[in-house]
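Structural description and commentary
So you can see what is in the structure, the chains are spelled out below.
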Amino acid sequence: MAEDTGRGTSRRAFLRGSVAAGGALLGAGMAQAADPDPLITTVQPWAQGFGDGVDATPYGLPIRFEEDVIRRNVEWLTADTISSINFTPIHALDGTITPAGCAFERHHSGAIELAKEDYRLMINGLVETPMVFSYADLERFPRENHVYFCECAANSGMEWAGAQLNGAQFTHGMIHNMEYSGIPLRTLLAEAGWSGETEGKWVYVEGADASSNGRSIPMEKALDDCLVAIKANGEALRKEHGYPARLVVPGWEGNMWVKWIRRIEVMDGPVESREETSKYTDTLADGTSRKWTWVMDAKSVVTSPSPQMPITHGQGPVVITGMAWSGHGRITRVDVSKDGGKTWETARLAREGENKALTRFYLDTVWEGEEWLLQSRAIDETGYVQPTKAQLREVRGLNSIYHNNAIQTWWIKSNGEAENVEVS
């Protein structure tokens, strides 16, 4: 069988090349045959007795050796954690599905406890028969399963004015990607007697928490792919993710994914609430603000190597990996640059991009101790190419907070450490 040469070299070939080029792999921790490894030649404690029984942890938890893979917040970012955010440890994950226990949180008045028995969802306004559904009612409707990313509009927002936070978790960690199970919003609207008209019509959605976090959504989007989700990754929603039911608005900013959703009102126009006027609008260089910029444009980030995932094994083969996504649809290509955008290599997608979901990419390469200015660039099915920071600032200026989808740069140093930087 011929080797898959991909971009001119195979994994097997550059493994051979690395050893031939000076034994870098051996010097980086791979033992030579002449030096027996006691972890192989000696029976270890874990192989001399019994392990835990099947009921030791009724709900499975990560092993203690992975206790550093957790959500983190930035203490100075907000005055109080009640109205704040924490960050998914994207640097330490692989694949595309985010474990619910690692998926970022964003609260406006804290995560509330709402039992299924106490849950109610009202649909009112311009419908034939205003209705109230219990959780048990929702379970009786036909449901769908879809994998979608949820990204806070402020993800990477602190990077607008320059490189700020030293870690992919903090620059890009306001995102998760989970499989949601729920009822299409169009199904519930039809049950309440919605006529199906879309021209000039909107829905206003609000949550049961103290902030209510009300948002207006055009009827076209409501009827397209929005879900009232009751499960995520196969289990009940977590408290911090809106248990027992939340709205899913695929490809659009996370603030619209209203948690603990309690009311959906059909209206002749948008409400223009606080969350869509003074917040979640894009302030331009001249002081004016754009509103209704819901879609999260194509974006990507290298998660390893990165500041929290330095190269520690020395010179030789290294796997560059990261994630790409687009609110406009599927990711079709990701390019990687090691020289700050002067030249690009096409990365390998782990699998074909999915609609409005994270795509994992890999570039199998060799590091010989040189400095890299490491970047990734996403292209989606519409042909949109992820912009540089300079291109984005040319249009938006420096006054924005939201929708920063610019190319990220990591400076990989000769010792393998990485730092968040910008290139001009």
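What counts as what
- Residues numbered from 1 in each chain as written.
- Predicted model: local features only at pLDDT ≥ 70, side-chain atom pairs only at ≥ 80, totals over all residues.
- Heavy atoms only, no water.
- pLDDT = per-residue confidence, 0-100.
- Contact = heavy atoms within 4.5 Å.
- Pairing = 2+ DSSP bridges.
- Helix = DSSP H or I, 4+ residues; strand = E, 2+ residues; numbered from the N terminus.
- Salt bridge = Lys/Arg side-chain N within 4 Å of Asp/Glu carboxyl O.
- Buried < 20%, exposed > 50% of the residue type's maximum accessible area, 1.4 Å probe, protein only.
- Lys, Arg positive; Asp, Glu negative; His and termini not counted.
- Axes fitted to C-alpha atoms, helices over the stretch in contact; angles between N-to-C directions.
- Phe/Tyr/Trp six-rings, centres within 6.5 Å; stacked < 30°, edge-to-face > 60°.
- Lys NZ or Arg CZ within 6 Å of the ring centre and 35° of its normal.

Concerning the confidence of the model for the protein
For any part of a model where pLDDT is low, the fine detail of the predicted coordinates should not be relied upon. Here the protein shows a mean pLDDT of 92. Residues at 70 or above account for 92%. Counting contacts from residues 1-9, a segment whose pLDDT is below 50, to residues more than four positions away or on other chains yields 11 contacts. Under a pLDDT of 50 for its full length, residues 13-29 has, in the predicted model, 23 contacts with residues more than four places off or in other chains.

With respect to the sheet that holds strand E18 (residues 359-367)
Strands sit in the order E13-E14-E18-E17 across an open sheet of four strands; the sheet is antiparallel. Because the sheet does not close on itself, it has two edges, and the strands there are strand E13 (299-304) and strand E17 (348-349). With two bridges joining them, E17 and E18 adopt antiparallel strand pairing. Pairing of Leu-349 across the sheet is with Phe-361, part of E18.

Some details on the environment of Ile-264
Summarising the element assignment, Ile-264 is placed in strand E10 (residues 261-267). With 142 residues separating them in the primary sequence, Ile-264 and Met-122 have C-alpha atoms 6.2 Å apart. Once residues lying within four places of it in the same chain are set aside, the contact partners of Ile-264 are Leu-121, Met-122, Ile-123, Asn-124, Leu-185, Leu-189, Val-203, Tyr-204 and Val-205.

Side note on the pattern of salt bridges
Throughout the structure, instances matching the rule amount to 28 salt bridges. With a shortest N-O distance of 3.3 Å, Lys-201 and Asp-268 are connected by a salt bridge. With Lys-201 in the loop between helix H6 (185-191) and strand E5 (202-207) and Asp-268 in the loop between E10 and strand E11 (282-283), this pair connects stretches of sequence that are 67 residues apart. Among the salt bridges present, the one from Arg-274 reaches Glu-275, with a minimum N-O distance of 2.5 Å.

A look at unusual backbone geometry
Look at the link from Tyr-243 to Pro-244: it is a cis peptide, with omega at 10°. Looking at the element boundaries, Pro-244 is found in the loop between strand E8 (235-236) and strand E9 (246-248). One non-glycine residue, Ser-212, lies in positive phi territory at about 65°. Note that Ser-212 resides in the loop between E5 and strand E6 (215-218). The backbone of Asn-213 sits at a positive phi, close to 50°, despite the residue not being glycine. By the secondary structure assignment, Asn-213 is in the loop between E5 and E6.

Looking at the side chain of Arg-246
In this structure, Arg-246 sits in strand E9. Of the side chains bearing the opposite charge, Glu-240 lies closest to the buried Arg-246, which forms no salt bridge; the N-O distance is 9.7 Å. Beyond its immediate sequence surroundings of up to four residues, Arg-246 is in contact with His-176, Tyr-180, Leu-227, Val-228, Ala-229, Leu-237, His-241, Trp-257, Val-258, Lys-259, Trp-260 and Ile-261.

Thoughts on the environment of Met-219
Mapping Met-219 onto the fold places it in helix H7 (residues 219-224). A relative accessible area of 0% places Met-219 in the buried class. Residues Met-219 and Trp-202, spaced 17 residues apart in sequence, show a C-alpha to C-alpha distance of 4.6 Å. Not counting the four nearest positions on each side in its chain, Met-219 is found in contact with Leu-189, Trp-194, Glu-197, Thr-198, Lys-201, Trp-202, Val-203 and Val-266.

Describing the sheet that holds strand E1 (residues 120-125)
Pairing within the open sheet is mixed, and its five strands lie in the order E2-E1-E10-E5-E6. Two strands lie at the open edges of the sheet, namely strand E2 (131-134) and E6, each paired on one side alone. Across the sheet, the mean angle separating the axes of adjacent strands is 20° when strand polarity is ignored. Where E1 lies against E2, four bridges are found, and the strand directions are antiparallel.

What about the pairing of E1?
For a regular strand, the rule is simple: side chains alternate between the two faces of the sheet. In this antiparallel pair of consecutive strands, E1 and E2, the connection spans five residues. With four bridges joining them, E1 and E10 adopt parallel strand pairing. Counted as the bridge partner of Asn-124 is Glu-265 from E10.

With respect to the packing of aromatic side chains
The final tally for this structure, using the stated rule, is eight aromatic pairs. Pairing Trp-202 with Trp-292 gives two aromatic rings, centres 5.2 Å apart and planes at 50°, and the pair type is tilted. Of the two residues, Trp-202 sits in strand E5 while Trp-292 sits in the loop between strand E12 (289-290) and E13, which places them 90 residues apart along the sequence. A residue is classified by how much of its surface remains accessible, and Trp-292, at 23% relative accessible area, is partly exposed. A ring pair is formed by Tyr-280 and Tyr-402, whose centres lie 4.8 Å apart and whose planes are at 25°; its orientation type is stacked. Residue Tyr-280 is found in the loop between E10 and E11, and its partner Tyr-402 is found in the loop between helix H8 (389-396) and strand E20 (409-412); the two are separated by 122 residues along the sequence. A relative accessible area of 10% places Tyr-402 in the buried class. Grouping aromatic residues by their ring pairs yields a cluster made of Trp-202, Trp-252, Trp-292 and Trp-294. Above the face of the Trp-344 ring, Arg-377 is positioned so that its terminal group lies 4.1 Å from the ring centre.

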